[in-house]
Each structure stands twice: as structure tokens, then as C-alpha cells.
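# Report on the structure
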Amino acid sequence: MNKVKNIASSTKMDGSWNLVYTTNEGSSAGKLGPFTGEVEQAIRILGREENPEYINYVRLGGGLVEGALGASWDVLSNNKWLVKFETLQFRILGIKVVEKELSAQGVWRMEYLDDDFRILYAAGGVNVPKENVYILSK
């Protein structure tokens, strides 16, 4: 089904990905309190091979309120990452109001990748005892 054999190290992962569907019911699905925002995963690999970057954004009101979860990862296999969540920021009207360090981690199992879509399963964390599916598009 997937033509990309080494998804975890593919430069096709690079770019901005928008969440289309997830079985997650928490903040990874765009939930901030009683509100649901738009979710973007920004993965920066190209030009940053020694220090790639991952930021998960949740934006409410067209970006008036924004949460940003920063992470790095270790490649575990051809389709798995150990994702290490390191920072959390909240901005209101572009002004940083909260920033804190994190030490959470989870395992992402990437099942499909092409130029336009990604499908992955993620597990880990205290509040996530099972894998959730994520479908993202560019």
C-alpha cells in the first residue's frame, strides 16, 4: 500500500500538515477547554538534519489563541518515532502568556505517507492508554 519504505526518515515528512481526522478526544484533537481549534503539525527536517523540529499547533479564532507543543524525536525503526515532548507555549493575540518545559513522550507508528497524506498511530502518556489514529493532509 505505501510506496515509502522508510517513513520515519523520509524527507516527505517535512512540511505543514493539517489534522483531518483523529480518534483522540483531547488537546491533540484541537480541544482547549470547551473549545475546539484547528490543528497543524509542523515538521522541519530539510536543512535541519542534525536538529529536526516538530511543533503541534492548536489555533482558536483564526490564531487569536494558539497553543504550541514542541518536540524532538528518535527514529526507532523504519516506521516508528519515539517522540519527546519538550515545551508548551500559549499565546493570545501573538503575545506569549505561558511557557513551560515538559518531559512526556510517546511512540508514533507511521503507516502511510505520500506527498499529500499521512496516517499514523500514536500511543503514550498518562492520559492515553491506547493508540489513537491521526490522518493529516498537506
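Here the structure is shown first, and the text comes after it.
Residues numbered from 1 in each chain as written. Predicted model: local features only at pLDDT ≥ 70, side-chain atom pairs only at ≥ 80, totals over all residues. Heavy atoms only, no water.

### A look at the sheet that holds strand β5 (residues 53–60)
Strands sit in the order β1-β4-β5-β6-β7-β8-β9-β10 around a closed barrel of eight strands; the barrel is antiparallel. If you compare each strand with its neighbour and ignore which way they point, the axes differ by 35 degrees on average. (Pairing = 2+ DSSP bridges. Helix = DSSP H or I, 4+ residues; strand = E, 2+ residues; numbered from the N terminus. Axes fitted to C-alpha atoms, helices over the stretch in contact; angles between N-to-C directions.)

### Side note on the nonpolar core
Core analysis: the biggest nonpolar cluster contains 20 residues, and M13, I43, W81, W108 and M110 have the highest contact counts within it. Among the secondary structure elements, those contributing two or more residues to this core are β6 (65–77), β7 (80–92), β8 (95–113), β9 (117–123) and β10 (132–137). Non-local contacts of M110, meaning those with residues more than four positions away in its chain, are made with I7, A8, M13, N79, K80, W81, I119 and L120. (Core = buried A, V, L, I, M, F, W, Y, C linked by side-chain atoms within 4.5 Å. Buried < 20%, exposed > 50% of the residue type's maximum accessible area, 1.4 Å probe, protein only. Contact = heavy atoms within 4.5 Å.)

### Notes on unusual backbone geometry
In the Ramachandran plot, L93 falls in the positive-phi region, its phi being about 55 degrees despite a non-glycine side chain. Among the structural elements, L93 can be located in the loop between β7 and β8.

### Considerations on a nonpolar patch on the surface
A contiguous nonpolar surface patch, about 550 Å² in accessible area, is contributed by L64, I92, L93, I95, V97 and V98. Topologically, I95 is positioned in strand β8. (Patch = residues over 30% accessible without salt bridge, like charges linked within 9 Å, V, L, I, M, F, W, Y side chains within 5 Å. Areas by Shrake-Rupley, 256 points an atom, 1.4 Å probe, with all protein chains shown as cover. Salt bridge = Lys/Arg side-chain N within 4 Å of Asp/Glu carboxyl O.)

### Considerations on the layout of surface pockets
One number sums up the size of the second largest pocket: a volume of about 180 Å³. Lining the second largest pocket are 16 residues, and of these E53, Y54, I55, G70 and T87 sit closest to its centre. For the lining of the second largest pocket, the elements supplying multiple residues, two or more each, are β5, β6 and β7. A class-by-class count of the residues in the lining of the second largest pocket yields six nonpolar, five polar and five charged. (1 Å grid on protein atoms, 1.4 Å probe; cavity = no way out; pocket = protein on both sides within 12 Å on 5 of 7 lines; lining within 4 Å. Points joined across faces, edges and corners; volume = space filled by probe spheres on them. Nonpolar A, V, L, I, M, F, W, Y, C, P; charged D, E, K, R; others polar.)

### Describing the packing of aromatic side chains
One pass over the full model with this rule turns up three aromatic pairs. Seen in terms of ring centroids, Y54 and W108 are 5.1 Å apart; in terms of plane orientation they differ by 85 degrees. Their pairing is edge-to-face. Here Y54 is found in strand β5, whereas its partner W108 is found in strand β8, with 54 residues between them in sequence. Note on W108: relative accessible area 6%, which makes it buried. Taken together, a centroid distance of 5.8 Å and an interplanar angle of 20 degrees make the contact between W81 and W108 stacked. Taken together, the positions of W81 in strand β7 and W108 in strand β8 put the pair 27 residues apart, joining distant regions of the chain. Sitting over the face of the ring of Y57, R59 holds its NZ or CZ atom 4.3 Å from the ring centroid. Above the plane of the ring of Y121 lies R109, whose end atom (NZ or CZ) is 4.4 Å from the centre. (Phe/Tyr/Trp six-rings, centres within 6.5 Å; stacked < 30°, edge-to-face > 60°. Lys NZ or Arg CZ within 6 Å of the ring centre and 35° of its normal.)

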